[in-house]
Amino acid sequence: MKQFTNKPEQVTVAYQLLRWTVLVLPVALVVGSLVALFLWLLDKATHIRFEHGWLLYLLPVAGVLIYWLYRLGGKNAEKGNNLIMDEIHQPGGGVPARMAPLVLLTTVITHLFGGSAGREGTAVQIGGSMAAWIGKTLGLTEKDIRILLMTGIAAGFGAVFGTPIAGTVFALEVLAIGAMRYDALVPCLIAAVLADVVCSAWGISHTHYQILYTGTHLTPYIPFVKADLLLLLKVIVCGVAFGLTSFLFSWLIHAIKYNANTYIKIPWLIPVVGGLMVIAMTFIAGTRDYLGLGVYSQSADGISIVNAFRDTGHISDWSWLWKLVFTAVTLGMGFKGGEVTPLFFMGAALGHTLALLLGAPVDLFAGLGFIAVFAGATNTPLACTLMGVELFGADHVLYFAVACFTAYYFSGHSGIYASQKLIVSKFER
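The name given to the protein in an unreviewed UniProt entry is Voltage-gated chloride channel family protein, and the organism recorded there is Chitinophaga oryzae. According to the UniProt record, the Subcellular location (unreviewed entry) comment for the protein is "Membrane".

The structure is reproduced here in C-alpha cells:
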C-alpha cells in the first residue's frame, strides 16, 4: 500500500525541474548577456588591431597592465577555470564575482594588442563567477551552488560557441577523466539553451562552418558495412595525430608556465618577456595570422580557421604548429583568454594538411581536427562529438566520434585543466 500513500516520483521530479528552471533563469540571463557583450567587444578589439598594426608593439605593456589588474583586484580569481572546478569538487573559499569583469577586460586587452588566445575560458569564468554570486545571493546550500556552478560552465560554453548541447555535456564531462555525474544534467541543459538564446537575442551571430563533402559512406562490394573503410582508416590515423597534438600543446603550455615562474624572479616581467616573444615570433613567421583568435585573418586569403576548410593552398604544412607555439607562449606567460578557439585553429590546420597528404576531403578533415584536438586537450570526447553535430550536421557523425575518441586516448592523461580529476584511467597500468 506504500505506493498509494507516498507521492509518485514523477511529482518530485516535476518539482525539481520547476525549481531548477527558476534558479537557472537568472544565471542564463546574466551569463548570456555578458557573453554577448564579451563577443561584441572581442570583435571590436580584433578589428581595431587589424586597422592599427602598431598595437602589437605594446603587447608587453599590456601584459604588465594585466598583471597589475589581477595583483590589485584578482586574488584567487587568477586561478581561472581551475578555481571553478576546484569549488565544484570541494567547496572552499568560493568563486569571486570580480572574476567575471576581470577576465572579460583582460581577455579583450590580450586580443587588442595581439596575444594568441581564445574565448571559451573567459566565457566559462564569466559563467562560473556569476553562478556563484547568484547562488550566494539566493542563500543556496553548498550542494546547490555546486550544481549552479556547473550550469554556469554550461551557459558560458553554450553561449560563446552557439552549441548548447555540447555545452551541457562539456560541463558534466570536463570535471573528471572517465566519469560523469548526472545530477546536474537537466539544469545544465536549461542553462546552456537559455544562455544561447539570450546571447543570440542581443544580435550576436556565430561563425558558420560548412563541410560540403558528401561522398559515399559505403564500401564497394561490402554492402553490410555502412562506412567507407578506407576513409575511416584515414580518420583513425589522423585521430592519433590530433591526440598527439593535444598532448604537445598541454605539455608545452604547462612547461612554459612552470619555467617562467621558476626562472623569471620578478613576476611582472613574465608577461613582458612573453609579449616580446610573441612579437619576435611574428617576424620569424612572416605573418600576423597567428595572432588573436584566428577565426578570420586580416586578408581574405590568409591563414585562418575558416580558410582551413577550403583547398586554397594558403594553409602551410606547419600552420598548426605555429599557432600552437604562439598560444602556449601567450597563455603560459600570463596573458588571459581561453585555449579552445586556438585548439580549433590547430586542429583545422592540421586536418587540412593531413587531408592533402592522405588524399582525403579537406573540409571533412579540417572539421575532424577542429573538434578532435579540442577533445584530446580537454578530455571531453562526447562533448566534442556533439559539437561536431551542432556545427557541421550529423551526416559524418561516425567520423566525428572516431576522431574524437581516438584523440582522447592518444592525448594521454594530461590536459589543459590542472584541476581535472582522473577517475578512470584510459588504459590498464
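So, next bit.
*Asks:* Just to check I follow, could you spell out the packing of helix α8 (residues 164–173) against helix α16 (residues 381–392) for this structure?
*Replies:* Each pair of packed helices gets described by two things: the angle between the helix axes and the distance between those axes. Contact pair α8 / α16: the axes reach a minimum separation of 8 Å and the direction vectors enclose 175°. In terms of axis orientation, α8 runs roughly antiparallel to α16. On the side of α8, the interface is formed by Pro164, Ile165, Ala166, Val169, Phe170 and Glu173, while α16 contributes Pro381, Leu382, Ala383, Leu386, Met387 and Glu390. In terms of residue class, the contact of α8 with α16 is built from 10 nonpolar, no polar and 2 charged.

*Asks:* Explanation requested: the pattern of salt bridges in the structure shown.
*Replies:* Side chains that differ in charge, positive against negative, can pair when their charged atoms come close. All told, the structure shown has 4 salt bridges when counted by the stated rule. Each of Arg146, Arg181 and Asp183 takes part in salt bridges that share partners, so that together they form one network.

*Asks:* It is not clear to me how the state of the cysteines should be interpreted in this structure. Could you clarify?
*Replies:* Linking two cysteines covalently through their sulfur atoms gives a disulfide. Within this structure, the stated rule accounts for 0 disulfides. Distance from the sulfur of Cys188, which forms no disulfide, to the nearest cysteine sulfur (Cys384) is 16 Å. Of the residues examined, Cys188 reaches a relative accessible area of 0% and is grouped as buried. Counting only cysteine sulfurs, Cys404 is the nearest neighbor of Cys238, a cysteine outside any disulfide, at a range of 13 Å.

*Asks:* Hey, could you run me through a nonpolar patch on the surface in this one?
*Replies:* A cluster of nonpolar side chains, namely Val13, Leu17, Tyr182, Leu185 and Val186, defines an oily patch on the protein surface of about 430 Å² accessible area. Elements represented by at least two residues in the nonpolar patch include exactly α2 (9–51) and α9 (185–201).

*Asks:* Any chance you could explain the packing of helix α5 (residues 99–112) against helix α6 (residues 120–137) here in plain terms?
*Replies:* Between α5 and α6, the shortest axis-to-axis distance is 8 Å and the interhelical angle comes to 165°. Here α6 runs roughly antiparallel to α5, going by the angle between their axes. You can see that α5 and α6 cross each other, and the crossing is left-handed. Residues Met99, Ala100, Val103, Leu104 and Thr107 of α5 form the contact with α6, whose own contacting residues are Thr122, Gln125, Ile126, Ser129 and Met130.

*Asks:* What am I meant to see in helix α11 (residues 269–285) here?
*Replies:* Side chains three or four residues apart in an α-helix point the same way, a direct result of the helix having 3.6 residues per turn. Compared with an ideal rise of 1.5 Å per residue, which puts 17 residues at 24 Å, α11 spans 24 Å between its outermost C-alpha atoms and is within 8% of the ideal. Taken as a whole, α11 has its buried residues at Ile270, Pro271, Val272, Gly274, Gly275, Val278, Ile279, Met281 and Thr282. The inward-facing, buried residues of α11 contact α3 (59–73), α10 (229–263) and α13 (319–332). Immediately beyond the C-terminal end of α11, within one or two residues, lies Gly286, with a positive phi of roughly 75°.

*Asks:* Teacher, can you tell me more about the environment of Ile211 here?
*Replies:* Inspection of the secondary structure puts Ile211 in the loop between α9 and α10. The exposure class of Ile211 is buried, given its relative accessible area of 11%. Along the sequence, Ile211 and Leu364 sit 153 residues apart, while their C-alpha atoms lie 5.7 Å from each other. Ignoring anything within four residues of it in the chain, the contact list for Ile211 reads Phe309, Asp363, Leu364, Gly367, Phe392, His396 and Phe400.

*Asks:* Looking at this model, I keep getting lost on the environment of Gly388. Mind explaining?
*Replies:* When you line up the elements, Gly388 lands in helix α16. Among the residues examined, Gly388 registers a relative accessible area of 0% and is labelled buried. For the pair Gly388 and Phe400, spaced 12 residues apart in sequence, the C-alpha to C-alpha distance is 6.4 Å. Contacts of Gly388, omitting those with residues within four sequence positions, involve Ile371, Gly393 and Phe400.

Criteria and cut-off values
- Residues numbered from 1 in each chain as written.
- Predicted model: local features only at pLDDT ≥ 70, side-chain atom pairs only at ≥ 80, totals over all residues.
- Heavy atoms only, no water.
- UniProt positions renumbered as here; feature names shortened; annotations may be inferred.
- Axes fitted to C-alpha atoms, helices over the stretch in contact; angles between N-to-C directions.
- Helix = DSSP H or I, 4+ residues; strand = E, 2+ residues; numbered from the N terminus.
- Parallel < 35°, antiparallel > 145°, perpendicular 65-115°, else oblique.
- Contact = heavy atoms within 4.5 Å.
- Nonpolar A, V, L, I, M, F, W, Y, C, P; charged D, E, K, R; others polar.
- Salt bridge = Lys/Arg side-chain N within 4 Å of Asp/Glu carboxyl O.
- Disulfide = S-S within 2.5 Å.
- Buried < 20%, exposed > 50% of the residue type's maximum accessible area, 1.4 Å probe, protein only.
- Patch = residues over 30% accessible without salt bridge, like charges linked within 9 Å, V, L, I, M, F, W, Y side chains within 5 Å.
- Areas by Shrake-Rupley, 256 points an atom, 1.4 Å probe, with all protein chains shown as cover.
- Left-handed = near helix turned anticlockwise from the far one by under 90°.
- Expected span 1.5 Å × (residues − 1).

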